[in-house]
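So you can see what is in the structure, the chains are spelled out below.
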Amino acid sequence: MAWVLVALFIFNGEPLIMSDNILYESREKCNAAVSARSKYLEATRPESMWEADYWVWCSHVPKEV
């Protein structure tokens, strides 16, 4: 099963969803990427985005049926 990093931002009431476009082979590797991405987002957040809320998590990619 593959995993993908997902990030959701809410700014001025508008949602923005993104991914790093990398498929991770395990949840552990994806969780490590989530931790690194969260730290990066917090460290580089521009002043204009201090009011934004964001969440970063892993989601599995379902198999085709």
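Overview of the structure. Since the structure is predicted, the reported quantities are computational estimates derived from the model, not experimental observations.

## A few points about the overall build of the chain
Next up, step 1: Scanning the chain from N- to C-terminus turns up one helix and three strands.
Next up, step 2: Shown N-terminal to C-terminal, the secondary structure of the chain runs as helices and strands in the order β-β-α-β.
Next up, step 3: With respect to the three principal axes, the spread of C-alpha positions in the chain is 40 × 25 × 15 Å.
Next up, step 4: Relative to its full complement of 65 residues, the chain shows a buried share of 28%.
Next up, step 5: Contacts spanning at least 24 positions in sequence make up 52% of the contacts within the chain whose residues lie at least 6 apart.
Next up, step 6: Each charge class in the chain can be summarised by its mean position, and for the 6 positive and 9 negative side chains these summaries are 10 Å apart.

## Some thoughts on the sheet that holds strand 3 (residues 53–61)
Next up, step 1: Taken in spatial order, the three strands of this open sheet run 2-1-3, and their pairing is antiparallel. Every interior strand has two partners, whereas the edge strands, strand 2 (14–24) and strand 3, have only one. Between one strand axis and the next, the sheet turns through 20 degrees on average, direction left out of account.
Next up, step 2: Examined bridge by bridge, strand 1 (residues 2–11) and strand 2 share eight bridges and lie antiparallel to one another. Looking at the pairing, valine 6 lines up with serine 19 of strand 2.
Next up, step 3: Against the sheet, helix 1 (residues 27–44) contacts strand 1, strand 2 and strand 3, and its axis sits at roughly 165 degrees relative to strand 3.

## Brief notes about the nonpolar core
Next up, step 1: With 12 residues, the main nonpolar core is built from Trp3, Leu5, Ala7, Phe9, Tyr24, Cys30, Ala33, Val34, Leu41, Tyr54, Val56 and Cys58.
Next up, step 2: At the level of secondary structure, the elements contributing two or more residues to this core comprise strand 1, helix 1 and strand 3.
Next up, step 3: Apart from residues lying up to four places away in sequence, leucine 41 is in contact with Phe9, Tyr54 and Val56.

Thresholds applied
- Residues numbered from 1 in each chain as written.
- Predicted model: local features only at pLDDT ≥ 70, side-chain atom pairs only at ≥ 80, totals over all residues.
- Heavy atoms only, no water.
- Helix = DSSP H or I, 4+ residues; strand = E, 2+ residues; numbered from the N terminus.
- Buried < 20%, exposed > 50% of the residue type's maximum accessible area, 1.4 Å probe, protein only.
- Contact = heavy atoms within 4.5 Å.
- Lys, Arg positive; Asp, Glu negative; His and termini not counted.
- Charge placed at Lys NZ, Arg CZ, Asp CG, Glu CD.
- Pairing = 2+ DSSP bridges.
- Axes fitted to C-alpha atoms, helices over the stretch in contact; angles between N-to-C directions.
- Core = buried A, V, L, I, M, F, W, Y, C linked by side-chain atoms within 4.5 Å.

On their own, these measurements won't tell you what the molecule is for.
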